[in-house]
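# Report on the structure
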Amino acid sequence: MTATSTATVTAQLTARDVTKSYAGRLVLDSVTCSVPSGGRLAIVGENGSGKSTLLRLLAGAERPDSGEVFVRADGGLGFLAQEEHLPPHLTVQQVIDRALAPLHALERRMRALEHAMAAAPGPGPAVLTEYAELLTTFELRGGYEADARVERALAGLGLLDLPRPRSVAGLSGGEQVRLRLAATLAAAPEVLLLDEPTNHLDDSALTWLEDHLRSRRGTTVAVSHDRAFLERFATDLLEVDGDLHRTVRHGTGYAGYLAERAADRRRRAEAHTVWRAEVDRLRENAAGPARRMAPGRERKDGNKMAYDRAAGRVQQSLASRVRNARERLGRLLAEPVPAPPEPLRFTPTLRAAGGRGVLIEAEGVAVAGRLAPVTVNVAAGDRLLVTGANGAGKSTLLGVLAGRTAPDGGRIVRRGRTGLLTQQADAGLPGGRTVLEAYAHGRTGSAEEHAERLLSLGLFARERLDVPVGALSAGQRQRLALARLVTEPADVLLLDEPTNHLSPALAEELEAALAGFPGAVVIVSHDRRLRHRWRGPHLALHAPTRTP
């Protein structure tokens, strides 16, 4: 961590030309960004792109390989890491006290100075000055309201009834995450850094958290994949590109982020159209005749010599134009302006496009200990959202409907082709294959044809096609699985948490692609934005009864 310089005085957090690698794998490359005082910045991107790494660098939990990080936070900095594990021997109260330790230290020093001033008839100016500064800091950081903040945070996150003497070892994983979040919020630091704060929160707790963060006075930076949270929380978004290892800033909140992405697509399309038109024009000029007579010019008085001189000048002029056109054409073709990829579109079969008939009939299908008996009928054009608590068998049901999992009971009939996207964020292929090999696996056609088809989706750049699947991040593996799914004809799409690991923009594009698919869609999702906009029926599953 480097001391604040005059160049960063207007920002509370600044990363300047920061690079970070792990075991030779580049994560961030010369990243520069800043967070102004009082801002609410969301860091977004697909899983594995470097969002959490950037947040840890801003928090001082890690140091960059090169570059500098500047922090100006006199009122303290609070950091909620995504994967922190609380010491099991701590109690709930001790976790809270640990977060409030800076405030408690200020208060102890104030009380010590108060005793000193009371014991001495005339305390010196140094004591008075220190006490005044401590009191100001304590008040600015809300020291007198700390206990009330603890109660509000615990209540808002559904932990008010949690016994304070209970040890962390006796809490569930979700309770531990919420306790860490409550303690971090109760400390009320001037700068608050949160990594996936919406994990393990129900709808009530999510609403409370969003309201709390919108109303707090300090600066807040949050890494999140929750599009509903981004829409309510963020004034600015910083997108981390996992392929380029760079960042792009978007203003005016989540709506502005989507609008800027759409505007960028339009600009790229317009630039390609202009380039294409110029290429066509130059090709026509370059292919023109090398010799033309001056139009409308007749030979007069038998002056053949003068006529030939004029024709020669015309020929030279035309040859020069052709040469210039060919040179400019060569330069344009050497640096093409690519068209933006077309929006994602799923590939329907003829049956799905026709929109007729029941495609899946499942009656009383069950899997012992994993799925209670359930009946599902899916016809072309149907939309079904499967809901239920963890362990209710949502993923198991999709496996049964896809024919990947054999039911222990019931009857199932499938007609047509099903496409399945699992929750594991991989293409189901060995890690030794390259991206292109994994995409082409089991398909007919040449490597060049597969490469062009994959590149047309805009999910991978050409230089990424030779990367081994095992070296991909979770988000990149999800992109690869998605690429295979959208290019394989299907009557029914079975999707298990399809927006997991994706960037918000790609998640929006995926939703639009599903809306335009004429076949049937059965989807399992915790994505609040997807669920809030869902217009089809819901199928609520309940956990099967487990025999002892």
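Everything numeric here is computed off the predicted structure, so don't read it as measured data. Per chain, residue numbering runs from 1 following the sequence as it is written. The predicted nature of this model means local features are confined to residues of pLDDT at least 70 and side-chain atom pairs, given and counted, to a pLDDT of 80 or more, with totals for whole chains, interfaces and linings taken over all residues. Neither water nor hydrogens contribute to the side-chain values; these are computed over all heavy atoms in the structure.

### Quick word on the overall build of the protein
Check the secondary structure of the protein and you find 17 helices and 17 strands. Remark: exposure states derive from per-residue accessible area (1.4 Å probe, protein chains only) relative to the maximum for the residue type, with buried under 20%, exposed over 50%, and partly exposed in between. The proportion of buried residues among the 548 residues of the protein is 45%. In the protein, the share of contacts with a sequence separation of at least 24, taken over all contacts with a separation of at least 6, comes to 71%. Elements are defined by DSSP. Helices are runs of H or I of four residues or more, strands are runs of E of two residues or more, and each kind is numbered from the N terminus. In this description, contact between two residues means that some pair of their heavy atoms is separated by no more than 4.5 Å.

### Structural notes on the packing of helix α5 (residues 146-156) against helix α6 (residues 173-186)
A fitted line through C-alpha atoms serves as each axis, taken over the contacting stretch for helices, and the angle formed by two N-to-C directions is quoted from 0 to 180°. Remark: α5 packs on α6, axes separated minimally by 9 Å, with the N-to-C direction vectors making an angle of 145°. Crossing of α5 over α6 shows right-handed handedness. Taken together, the residues of α6 that come into contact with α5 (itself represented by R149, V150, A153 and L154) are L179, A182, L185 and A186. Tallied by class, residues from the contact of α5 with α6 come to seven nonpolar, no polar and one charged. Helix crossings are classified by the rotation of the near helix relative to the far one: an anticlockwise turn of less than a right angle makes the crossing left-handed, while a clockwise turn makes it right-handed. Just so you know the grouping, Ala, Val, Leu, Ile, Met, Phe, Trp, Tyr, Cys and Pro go in nonpolar, Asp, Glu, Lys and Arg go in charged, and all remaining residues, Gly too, go in polar.

### Description of the sheet that holds strand β2 (residues 25-36)
At least two bridges found by DSSP between two strands is the condition for calling them paired. Spatial strand order, β2-β1-β4: three strands in an open sheet with antiparallel pairing. Both edges of this open sheet fall to β2 and β4 (66-71), since each of them pairs with a single strand only. Taking each pair of neighbouring strands and ignoring which way they run, the sheet shows an average axis angle of 15°. Relative to β4, strand β1 (residues 11-22) runs antiparallel, the two being bridged by five bridges. If you follow T19 over to β4, its bridge partner there is S66. Sheet strands in contact with helix α1 (residues 51-59) are β1, β2 and β4, and its direction is about 125° off that of β1.

### A word on the pattern of salt bridges
We define a salt bridge as a contact between a side-chain nitrogen of Lys or Arg and a carboxyl oxygen of Asp or Glu at a distance within 4 Å. Inspection of the entire model under this criterion finds 36 salt bridges. Overlapping salt bridges bring together R227, E231, E508, E511, D527, R529 and R533 as one network.

### Concerning unusual backbone geometry
Even without being glycine, E497 reaches a positive phi, approximately 50°. Within the fold, E497 resides in the loop between β15 (492-496) and α16 (504-515). Classification of E497 by relative accessible area gives buried; the value is 5%. Despite not being glycine, H501 has its phi angle at roughly 75°, a positive value. Secondary-structure assignment places H501 in the loop between β15 and α16.

### Structural notes on the packing of aromatic side chains
Only Phe, Tyr and Trp rings are paired, with Trp represented by its six-membered ring, and only when their centres lie within 6.5 Å; those with planes under 30 degrees apart are stacked, over 60 edge-to-face, the remainder tilted. Enumeration according to the criterion identifies four aromatic pairs in this entry. Between F229 and F233, the aromatic rings sit 4.9 Å apart at their centres with planes inclined by 15°, giving stacked as the arrangement. With a gap of four residues between them, F229 and F233 both fall in helix α8 (residues 227-233), about one helical turn apart. The interplanar angle of 65° and the centroid separation of 6.1 Å between the aromatic rings of F346 and F517 together place this pair among those described as edge-to-face. Of this pair, F346 sits in the loop between α10 (304-334) and α11 (350-354) while F517 is found in the loop between α16 and β16 (520-524), placing the two residues 171 residues apart along the sequence.

### Here's the deal with the sheet that holds strand β14 (residues 418-421)
Whether parallel or antiparallel, the strands of a sheet pair through hydrogen bonds between backbone atoms. Spatial strand order, β14-β15-β16-β12-β17: five strands in an open sheet with parallel pairing. Edge positions in the sheet fall to β14 and β17 (538-540), since each of these pairs with one other strand and no more. Ignoring which end each strand starts from, the neighbouring axes of this sheet average 15° apart. Summarising the sheet, strand β12 (residues 383-387) and β16 pair through four bridges and their orientation is parallel. Across the sheet, residue V386 finds its bridge partner in β16, namely V524. Sheet strands in contact with helix α12 (residues 394-402) are β12, β14, β15, β16 and β17, and its direction is about 155° off that of β15.

### Focus on the confidence of the model for the protein
In this model, the protein carries an average pLDDT of 88, and 90% of its residues clear a pLDDT of 70 or more. pLDDT measures how confident the predictor is about each residue, on a scale from 0 to 100. Counted against residues more than four places away or in other chains, residues 1-9, with its pLDDT under 50, gives 22 contacts. Low pLDDT, under 50, characterises residues 290-296; the stretch is placed with 11 contacts to residues that sit more than four places away or in other chains.

### Notes on the nonpolar core
In terms of nonpolar packing, the biggest core is built from 49 residues, with L179, L181 and L213 touching the most fellow members. Of the residues forming this core, the biggest block, six residues, is contributed by α6. Non-local contacts of L181, meaning those with residues more than four positions away in its chain, are made with L80, L157, L194, P197, L201 and L209. Here the nonpolar core consists of buried residues drawn from Ala, Val, Leu, Ile, Met, Phe, Trp, Tyr and Cys, with membership extended through side-chain atoms lying within 4.5 Å.

### Structural notes on helix α3 (residues 101-119)
For a helix, the expected span equals 1.5 Å multiplied by the number of residues minus one. Taking 1.5 Å as the rise per residue, α3 with 19 residues should run 27 Å; its terminal C-alpha atoms sit 27 Å apart, in good agreement. Residues of α3 that are buried: L103, L106, M110, L113 and M117. Seen along its axis, α3 keeps its buried residues to an arc of 90°; they face one direction. More than 90 degrees from the buried face of α3, the exposed residues found are R108, H115, A118 and A119. Turning to α3, the residues buried within the fold contact α4 (125-140) and α5. Throughout, the arc means the angular range of directions from the helix axis out to the C-beta atoms.

### A few points about the environment of L57
On the secondary structure map, L57 appears in helix α1. For L57, a relative accessible area of 2% corresponds to the buried category. Between the alpha carbons of L57 and V69 there is a distance of 7.3 Å; along the sequence they are 12 residues apart.

### A few points about the side chain of Q176
Tracing the chain through its elements places Q176 in helix α6. Leaving out residues up to four positions away in the same chain, Q176 has contacts with L86, V168 and L171.

### So, the pairing of β12
With five of its five residues buried, β12 lies for the most part within the structure. Covered by surrounding structure in β12 are R383, L385 and T387 together with L384 and V386, the residues of both alternating faces. Pairing of β12 with β17, which is carried by three bridges, proceeds in the parallel orientation. Considered in β17, the bridge of L385 is made with H538.

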